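Results of the structural survey
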Amino acid sequence: MDFYGRDFLRILDFNEAELRYMLDTARAFKELKQQKKSHKIFPNNNIAILFEKTSTRTRCSFEVAAHDLGMGVTYLDPTGSQMGHKESIADTARVLAKLYDGIEYRGFGQDVVETLAENSSVPVWNGLTDECHPTQVLADFLTIEEHFGKLKGLTLVFVGDARNNVANSLMAMSAKMGVNFIACGPEELRPNDKLVDECRAIAEQNGATITITSDLKELEGKADAIYADVWLSMGEDKKKWGERIEQLKKYQVTMDLMNRAKPTTIFLHALPSFHDLNTTVAREVNEEFGIAEMEVANEVFESDRSLVFDEAENRMHTIKAVMFLTMYKKEVK
Ligand code: CP
Ligand code: NVA
């Protein structure tokens, strides 16, 4: 297995053994962190983290993980670089690769992160695009595995906007790891057929199934984990809130839905989540459309079946594993 110098752009770019190794490496780093054992493996390295969309977890995870590994970090915020408006993506990549040992990018099209990677001589890590959120699902699968003690044979159900970045990456990761995946949402928000076919072929080889449905009954008695995400993703037109609420309100994850799954079903969410009225966006939506909870009922979010904050912690351990694996050989020459 050779990770050195590779980019981390999509789950589909890695095979099962490699993804397994990433999860195991994350687990090892988590133990080191818990034991407060120093692991400053790259004291002479620096990374740039480039955000064209906002972030709490991904930014903080890259920063903490980089510091733990002994590296310096430069954060470029959504208005803080010339990229795109005054300097092309390709030129930005060539400049950053001269200064840094790794580049994280969060933004819009997957083509942007691909262009960065093509023009960078150092690893590029995808911190979320419109199409994928690969570092997120590594954390999700680590959380699932920690809880159930296994992955193979489990059933993960994504409920909601089933063609968004998180859902796409969950489907790919499920296929690779032999987890049955059910995407449950309205017809209009079905995942891309080509991606479904590709994931289904991989899942079949790994003894798992991919099901795309609009019927919530499909998860009854089956779901080991139910996953929700926001109904309107970053970068989407805010004018779409009304239409999206109409499409998705019956797909809210309620305690009744959790109970119809299995008594042991856990709840997962990438976060941030609109489960109450304690955010400006949720209050604005509430004022205009009269709903107080969106993709998940507060009762579920706050219950002991909800592992959302463990997932958030695991973002850091898994991101650390990705950085370490793609940078390591350089340091042991
Ligand atoms: N889940 C996630 O990516 O969170 P942030 O948007 O806060 O980084
Ligand atoms: N689908 C969400 C994920 C946020 C972590 C978004 O893109 O806004």
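Residues numbered from 1 in each chain as written. Chains lettered and ligands numbered in written order. Predicted model: local features only at pLDDT ≥ 70, side-chain atom pairs only at ≥ 80, totals over all residues. Heavy atoms only, no water.

As a further point, take the pattern of salt bridges. Applying the stated criterion across every chain yields a total of 24 salt bridges. Notably, a salt bridge pairs D68 with K33, separated by 2.8 Å at the nearest N-O pair. Here D68 is found in helix α2 (residues 57-68), whereas its partner K33 is found in helix α1 (residues 16-34), with 35 residues between them in sequence. The buried category is assigned to D68, whose relative accessible area is 15%. Across the pair R163 and D161 runs a salt bridge whose closest N-O atoms are separated by 2.6 Å. Residue R163 is classed as partly exposed on the basis of its relative accessible area of 28%. (Salt bridge = Lys/Arg side-chain N within 4 Å of Asp/Glu carboxyl O. Helix = DSSP H or I, 4+ residues; strand = E, 2+ residues; numbered from the N terminus. Buried < 20%, exposed > 50% of the residue type's maximum accessible area, 1.4 Å probe, protein only.)

Let us look at unusual backbone geometry. Of note, the amide linkage connecting L271 to P272 takes the cis form, showing an omega dihedral of 5°. For P272, the location among the structural elements is in the loop between β9 (266-269) and α10 (280-289). In the Ramachandran plot, K36 falls in the positive-phi region, its phi being about 55° despite a non-glycine side chain. Not every positive phi belongs to a glycine, and L271 is a case in point at roughly 65°.

A word on the sheet that holds strand β4 (residues 124-126). Ordered in space as β2-β1-β3-β4, the four strands form an open sheet in which the pairing is parallel. With one partner strand each, in any of the chains shown, β2 (72-76) and β4 form the two edges of the open sheet. Taken over all neighbouring pairs, the strand axes of this sheet differ in orientation by 20° on average, direction set aside. Pairing of strand β3 (residues 102-106) with β4 involves three bridges; the strand directions are parallel. From the neighbouring strand, Y105 faces β4, where its bridge partner is N126. (Pairing = 2+ DSSP bridges. Axes fitted to C-alpha atoms, helices over the stretch in contact; angles between N-to-C directions.)

Membership of the largest hydrophobic core comes to 63 residues, with the highest contact counts inside it found for M22, F141, L156, L170, M173, I210 and M323. For L156, the contacting residues outside a window of four places in its chain are F141, I144, L170, S174, V179, N180, F181, I182, A225 and Y227. Of all hydrophobic cores here, the second largest spans 34 residues; its members include V253, L257, M258 and A282. (Core = buried A, V, L, I, M, F, W, Y, C linked by side-chain atoms within 4.5 Å. Contact = heavy atoms within 4.5 Å.)

What follows covers the packing of aromatic side chains. A full pass over the atoms with the stated rule returns 11 aromatic pairs. Residues W241 and F274 carry aromatic rings whose centres are separated by 6.0 Å and whose planes lie at 70° to one another, so their mutual orientation is edge-to-face. Placement of the pair is W241 in helix α8 (residues 241-248) and F274 in the loop between β9 and α10, with a sequence separation of 33 residues. Taking relative accessible area as the criterion, W241 reaches 8% and is therefore assigned buried. F274 gets classed as buried once you look at its relative accessible area, which sits at 14%. Grouping aromatic residues by their ring pairs yields a cluster made of F3, F8, F14 and Y21. (Phe/Tyr/Trp six-rings, centres within 6.5 Å; stacked < 30°, edge-to-face > 60°.)

The alternating pattern of strand β8 (residues 225-228) places A225 and Y227 and I226 and A228 on opposite faces, both of which are buried. Taken together, the four bridges between β8 and β9 define a ladder with parallel strand orientation. Its bridge partner lying in β9, A225 is registered against I266.

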